Number of protein chains: 2
Amino acid sequence: MKLLLVEDDALLAQGLIHSLKKEGYSVEHAGSICCAMAFIDEGNIEMVVLDLGLPDGDGLSILKAIKQSKLPIAVLLLTARDSTDDKIIGLDLGADDYLPKPFDAKELFARLRVIGRRLGSQLTTQLSSILTCSNVTLDLGGHQAFVDGIAIELPRKEFMLLKALIENQARVLSKAQLENKLYQWGEELGSNAIEVHIHHLRKKLPKGFIKTLRGIGYVVGKQ
Amino acid sequence: MKLLLVEDDALLAQGLIHSLKKEGYSVEHAGSICCAMAFIDEGNIEMVVLDLGLPDGDGLSILKAIKQSKLPIAVLLLTARDSTDDKIIGLDLGADDYLPKPFDAKELFARLRVIGRRLGSQLTTQLSSILTCSNVTLDLGGHQAFVDGIAIELPRKEFMLLKALIENQARVLSKAQLENKLYQWGEELGSNAIEVHIHHLRKKLPKGFIKTLRGIGYVVGKQ
DNA sequence: TTCATTTCTTAAGTTTTCCTTAATTTTCAA
DNA sequence: TTGAAAATTAAGGAAAACTTAAGAAATGAA
């Protein structure tokens, strides 16, 4: 289930992203309205958790845009305001649920499950969970990779690394960018961990699949 | 839209019935669990507004009964308790929404509109009572499992665990996701219960049937 | 009810796998 | 050619999962 979290408080967002991923969601994060709209336009978001208190405008405009687009996207509102009128406006604009801050993460998850259950009976999609780049395929739901259709085992970090590369195929990712994708900005990497993971990946993937651009970074699927 | 209000406070009920009718609902009123069940058994209720604080027992039992019956009835909970855990229990039992007392009637109506909108586009998913994954079969009705056609005994939790895994075969479920499926968020799991159940299950199932993806979760039925 | 039995949770010890580090070698571009 | 960047190796340590066992709960029967 692909979920977009629209929340500008970085600390709160970080924690939620982590827990939501543990709950099984594929999470994107936007800290502003324009960033959120970019993700939505991209097309494969199924659920939005929307904080109404954003720096660059009223979050309700995102809700309006989603509902006007008629895309099958469910929206759960999140806000510090708890006046009944705001709730009503949100719900009547088409929001699927509403949670006042401060909230218990467990309640958020429970409400998301309700929405997910509902979506599940409307959509039969799990297709967005397959990524492909030439003869390499990633099954995100099954956490499995295939080379020429043959399954290969990948440990967690290697899988994350390959996922990041394929999601950005034909685009070069620097080691710093890759580190940001693999590590929750908690611990600094003091060594060449990325290089070692790349090396392990290469032994399992087709020759030349991951290209090195010396001094710049790594890339897959270029030319 | 035929709505059943389950509320024992006569005064509050009186007012709500009046306003709900004004909103266009066809309203029935029950002041007790048994009375409510009678209306539901009668058969043409589409929506229930359920007060949890009833004189003759816990309103949650009505919710359970409705959801077990698989009738396409939406339920909105209404209650004075506002502990998060109660909300979560209600929502996970299948309630469509929740409103803590005291509430603003306008908010109730807004939430009912959301539910009504949803009911309009809802299709009922009839679950098969037999699940299969390679040579393992689950009979949900008979609460029994078969390996190569031979019945094996599974305690409740182990059965639920296997059911969750097979329902999501070829998709990895994290321990957090499995916990959500086995426990109604009433109490926290402070330990490695999931791991222990997995261990017991494995002793009864074909070798390699449940795979571990370290750091990710468990999966069955993968290539 | 009470008791006996099954099932569940907790906790500790063990094992396994994976990740990081660091030292060394190789490659590449200036 | 030469120095910096990347590749390669191997090992130590840490995290996650497995296993076992015992006590707590839940269940069901008398």
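Residues numbered from 1 in each chain as written. Chains lettered and ligands numbered in written order. Predicted model: local features only at pLDDT ≥ 70, side-chain atom pairs only at ≥ 80, totals over all residues. Heavy atoms only, no water.

An unreviewed UniProt entry annotates chain A as Two-component system, OmpR family, response regulator of Pseudoalteromonas aurantia 208.

Peer 1: Any details on the overall build of chain A? Residues and values, ideally.
Peer 2: The secondary structure content of chain A amounts to 8 helices and 13 strands. Counting only residues that meet the buried cut, chain A has 47% of its 223 residues in that class. Taking all contacts inside chain A whose residues are at least 6 apart in sequence as the whole, residues at least 24 apart take part in 56%. Summed over its atoms, the accessible surface of chain A is roughly 10700 Å², and 54% of this surface lies on carbon and sulfur atoms. (Helix = DSSP H or I, 4+ residues; strand = E, 2+ residues; numbered from the N terminus. Buried < 20%, exposed > 50% of the residue type's maximum accessible area, 1.4 Å probe, protein only. Contact = heavy atoms within 4.5 Å. Areas by Shrake-Rupley, 256 points an atom, 1.4 Å probe, with all protein chains shown as cover.)

Peer 1: Give me the lowdown on the pattern of salt bridges, citing residues and values where you can.
Peer 2: For the coordinates displayed, the defined rule picks out 18 salt bridges over all chains. Across the salt bridge formed by Glu7(A) and Lys101(A), the nearest N and O atoms sit 3.6 Å from each other. With Glu7(A) in the loop between strand 1 (2-6) and helix 1 (10-22) and Lys101(A) in the loop between strand 7 (97-100) and helix 5 (105-120), this pair connects stretches of sequence that are 94 residues apart. Its salt-bridge partner being Lys175(B), residue Glu195(B) comes within 2.7 Å of it at the nearest N-O pair. On the criterion of sequence distance, the pair formed by Glu195(B) in helix 8 (residues 193-204) and Lys175(B) in helix 7 (residues 175-182) is long-range, its members being 20 residues apart. (Salt bridge = Lys/Arg side-chain N within 4 Å of Asp/Glu carboxyl O.)

Peer 1: Now, about the side chain of Asn180(B): what can you tell me, with residues and values included?
Peer 2: By secondary structure assignment, the location of Asn180(B) is in helix 7. Owing to a relative accessible area of 12%, Asn180(B) belongs among the buried residues under this scheme. Engagement of the side chain of Asn180(B) in a polar contact is seen with the side chain of Glu23(A), the distance being 2.7 Å. (Polar contact = N/O pair within 3.5 Å; in protein donor to acceptor, adjacent residues only side chain to side chain.)

Peer 1: An account of helix 8 of chain B is requested, with residue identities and associated values reported.
Peer 2: With 12 residues, helix 8 of chain B should cover 16 Å at 1.5 Å per step; its first-to-last C-alpha distance of 17 Å lies within 8% of that length. Contacts from the buried residues of helix 8 of chain B go to helix 6 (156-167), helix 7, strand 12 (210-213) and strand 13 (217-220) of chain B. (Expected span 1.5 Å × (residues − 1).)

Peer 1: Residue-level account of the sheet that holds strand 11 (residues 150-152) of chain A, with values.
Peer 2: Residues and elements named next belong to chain A. In space, the 4 strands of this open sheet follow the order 8-9-10-11, with antiparallel pairing throughout. The strands lining the two open edges of the sheet, one partner per strand, are strand 8 (130-133) and strand 11. Taking the axes of each pair of neighbouring strands and ignoring which way they run, one obtains an average angle of 25° across the sheet. Pairing between strand 9 (residues 136-139) and strand 10 (residues 144-147): 4 bridges, direction antiparallel. Each residue of the ladder has a partner; that of Thr137, found in strand 10, is Phe146. Helix 6 (residues 156-167) contacts strand 8, strand 9 and strand 10 of the sheet and is inclined by roughly 115° relative to strand 9. (Pairing = 2+ DSSP bridges. Axes fitted to C-alpha atoms, helices over the stretch in contact; angles between N-to-C directions.)

Peer 1: So what's going on with unusual backbone geometry? Residues and values would help.
Peer 2: Most of the time, phi is negative for any residue but glycine, and the peptide bond is trans. All names here are of chain A. Going from Lys101 to Pro102, the amide bond is cis rather than trans, its omega being -5°. We note that Asp148 has phi near 50°; this positive angle belongs to a residue other than glycine. In this fold, Asp148 is placed in the loop between strand 10 and strand 11.

Peer 1: An account of the packing of helix 6 of chain B against helix 7 of chain B is requested, with residue identities and associated values reported.
Peer 2: Residues and elements named next belong to chain B. With their axes 10 Å apart at the nearest point, helix 6 and helix 7 run at an angle of 125° to one another. In terms of orientation, helix 6 lies oblique with respect to helix 7. Crossing handedness for the pair helix 6 and helix 7: right-handed. Contacts between helix 6 and helix 7 involve Lys157, Met160, Leu161, Ala164 and Leu165 on the former and, on the latter, Leu178, Lys181 and Leu182. Split into classes, the residues belonging to the contact of helix 6 with helix 7 amount to 6 nonpolar, no polar and 2 charged. (Parallel < 35°, antiparallel > 145°, perpendicular 65-115°, else oblique. Left-handed = near helix turned anticlockwise from the far one by under 90°. Nonpolar A, V, L, I, M, F, W, Y, C, P; charged D, E, K, R; others polar.)

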